[in-house]
Amino acid sequence: MAEIAIGPASVDEVRAVELRHGRDDATIKLALEFAEDGNAWAARDAGETVGVVLTHRSDEEVYVGELVVEPSYRGLRIGARLFDAALADAGNGARSALLDASDRASLALALRSGLAPRATVLRVAGAIPREDGLLAMAAGDYRFQVDAIDPAAHAFALSALDRENRGTTRLRDHRRLSRDAEGLAFLSDGEFVAYAYVWPDGRIGPMAAASGAYLVQIFAYALVTLQRRFGASWCTALIPGTNVRLLRAALRAGLRIEETLTFASDAEISELSRYAGFHRLLF
């Protein structure tokens, strides 16, 4: 075996790895955007791609959303070298990753790199309840004005919510999200208090709120929008375990926990109790 080389991954390399591992269309699209932006690294053995890591860079964080090493090459520290390459130029920003909770090797890798487990993240999924039940859930104590998200006009409010709930601002993400998804801005007495995105394939998120008391109504509104805007019958979201209000609402609505993940970071960020993500490559 030749010396394993680590370097920037090409779009074609990332596409081949994602297809080989059976990723869905949404994941492949995001992965290719990361590669185009120079946020993907590959491990190569004599020109053959044997591992890939995908990162997402926001204003105050470098985040690893996927790390893949082919089975026959595991145990050779390729994952550690890819992880180091991905996080090498984080500067003074946070370094974070979302890991499979059952993958002890990945957790050990994160710990050795100085990332500590900060939160359990649960992927919930299932059929969207009947609309009459959703409307009852949405009819809570608060009355919101709902507008389309405008990343430019809402920049200050979006950044404030993201820094408080996710630990970093991400205006570039909002430009991408508002292009590909239905972005909902929630205002109370003229003040921007929450946002949520819904996707044609049934994903919900990211969503963030200034108060946990808003979450159930906003979640219900998102589900109604999925049904009416996209004709969706199924939904999924990534909900931190500390977001008890939203998890309880999702489970009461009939959704089920499909996957358990661990969010690890070297920064003392918020407890994520008013946040939900839509995809592990972005969280």
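Further up the page is the structure itself.
These remarks concern the structure in this document. The structure presented is a predicted model; accordingly, all values stated were derived computationally and were not measured.

1. Some thoughts on the sheet that holds strand E10 (residues 204-209)
The 5 strands are arranged E7-E8-E9-E10-E13 in an open sheet whose pairing can be described as antiparallel. Strands with a single pairing partner mark the edges of an open sheet, and in this sheet they are strand E7 (145-148) and strand E13 (275-276). Summarising the sheet, E10 and E13 pair through 2 bridges and their orientation is antiparallel. Residue pairing across strands places Ala208 opposite Tyr275, the latter belonging to E13. Across the sheet, helix H6 (residues 155-165) touches strand E9 (191-198), E10 and E13, and the angle it forms with E9 is around 75°.

2. Let's talk about the side chain of Glu66
Structurally, Glu66 is set in strand E4 (residues 61-69). In contact with Glu66, other than residues within four places in its own chain, are Glu18, Arg23, Val52, Val53, Leu54 and Leu281.

3. So, the packing of aromatic side chains
The relation between two aromatic rings is expressed through the spacing of the ring centres and the mutual angle of the planes. In this structure the tally under the stated criterion is 9 aromatic pairs. Each ring, one from Phe186 and one from Tyr221, has its centre 5.6 Å from the other, and the planes form 85°; the classification is edge-to-face. Residue Phe186 is located in strand E8 (residues 182-188), and its partner Tyr221 is located in helix H8 (residues 215-230); the two are separated by 35 residues in the primary sequence. The positively charged end of Arg166 is found above the aromatic ring belonging to Tyr63, 5.7 Å away from the centroid.

4. A closer look at the sheet that holds strand E3 (residues 48-58)
With mixed pairing, 8 strands are arranged side by side in an open sheet as E1-E2-E3-E4-E5-E12-E6-E11. Pairing within the sheet leaves two strands with one partner each, and these edge strands are strand E1 (5-8) and strand E11 (234-240). Within the sheet, the average angular offset between the axes of one strand and its neighbour, ignoring direction, is 25°. Running at roughly 100° to E3, helix H1 (residues 11-20) makes contact with E1, strand E2 (40-45), E3 and E4 of the sheet.

5. Section: the nonpolar core
With 40 residues, the main nonpolar core has Val14, Leu54, Leu98, Tyr195 and Phe283 as its most contacted residues. By residue number, the principal contributor to this core is helix H2 (residues 25-36), which donates 6 residues. Setting aside chain neighbours within four positions, we find Val14 in contact with Ala9, Ala31, Leu32, Ala35, Ala40, Val52 and Leu54. Of all hydrophobic cores here, the second largest spans 30 residues; its members include Leu184, Phe186, Ala194 and Ala250.

6. As for the layout of surface pockets
Its boundaries defined by the atoms lining it, the largest pocket holds a volume of some 1,100 Å³. Together, 41 residues line the largest pocket, and Leu67, Asp100, Asp103, Ser106 and Arg280 are the ones closest to its centre. Within the residue set of the lining of the largest pocket, elements represented by two or more residues are E4, helix H3 (78-87), strand E5 (94-100), helix H4 (104-112), E11 and strand E12 (256-265). For the lining of the largest pocket, a count of residues per class yields 21 nonpolar, 8 polar and 12 charged. Roughly 190 Å³ of internal volume is contained in the second largest pocket. Residue lining of the second largest pocket: Ala26, Lys29, Leu30, Glu33, Arg176, Asp180, Trp199, Pro200, Asp201, Arg203, Phe278 and His279, and that is the complete set. Elements with a contribution of two residues or more to the lining of the second largest pocket: H2 and helix H7 (171-180). A total of 4 residues in the lining of the second largest pocket trace back to one element, the largest contributor, which is H2.

7. Some points on H1
Along H1, the residues that are buried comprise Glu13, Val14, Val17 and Glu18. In an axial view of H1, the angular spread of the buried residues amounts to 125°, which keeps them on one side of the axis. Turned more than 90 degrees away from the buried face of H1, the exposed residues are Asp12 and Leu19. On its buried face, H1 sits against E1, H2, E2, E3 and E4. Among the residues trailing H1, Gly22 stands out with phi positive, at a value near 70°.

8. Describing unusual backbone geometry
Between Gly205 and Pro206 the backbone carries a cis peptide bond, its omega angle lying at -5°. By the secondary structure assignment, Pro206 is in strand E10. Positive phi outside glycine occurs at Ala46, with the angle close to 55°. On the secondary structure map, Ala46 appears in the loop between E2 and E3. The backbone of Arg77 shows a phi angle near 65°, a positive value even though the residue is not glycine. With respect to the element layout, Arg77 can be found in the loop between E4 and H3.

What counts as what
- Within each chain, residues carry numbers counting from 1 in the order of the written sequence.
- Side-chain atom pairs in this predicted model are given and counted only at pLDDT of 80 or more, local residue features only at pLDDT of at least 70, and totals for whole chains, interfaces and linings cover all residues.
- Processing note: side-chain calculations cover all non-hydrogen atoms of the structure and skip hydrogens and water entirely.
- In this description, strands pair whenever DSSP reports at least two bridges between them.
- Labels follow the DSSP assignment, with helices taken as runs of H or I lasting at least four residues and strands as runs of E lasting at least two, numbered in each case from the N terminus.
- Residue contacts follow a heavy-atom distance rule, with two residues in contact if any of their heavy atoms lie within 4.5 Å.
- All axes are obtained by fitting lines to C-alpha atoms, using only the stretch in contact for helices, and the reported angles, taken between N-to-C directions, cover 0 to 180 degrees.
- Within 6.5 Å between ring centres, the rings of Phe, Tyr and Trp (the latter by its six-membered ring) count as paired, and their orientation is classed by plane angle as stacked under 30 degrees, edge-to-face over 60, tilted in between.
- A positively charged side chain is recorded as over a ring if its NZ (Lys) or CZ (Arg) lies within 6 Å of the ring centre. The angle to the ring normal must also be within 35 degrees.
- Residues enter a nonpolar core if they are buried and are Ala, Val, Leu, Ile, Met, Phe, Trp, Tyr or Cys, with the set joined through side-chain atoms within 4.5 Å.
- Burial status follows relative accessibility: with a 1.4 Å probe on protein chains alone, a residue under 20% of its type maximum counts as buried, one over 50% as exposed, and anything between as partly exposed.
- Lining residues are those with an atom within 4 Å of a point, where the points come from a 1 Å grid over the protein atoms alone and group into cavities, where a 1.4 Å probe fits but cannot get out, or pockets, open sets with protein on both sides within 12 Å along at least five of seven lines.
- Grid points are joined across faces, edges and corners, and a volume is the space filled by probe spheres set on the points.
- Each residue gets one label: Ala, Val, Leu, Ile, Met, Phe, Trp, Tyr, Cys and Pro are nonpolar, Asp, Glu, Lys and Arg are charged, and the others, such as Gly, are polar.
- The arc refers to the directions leading from the helix axis to the C-beta atoms.

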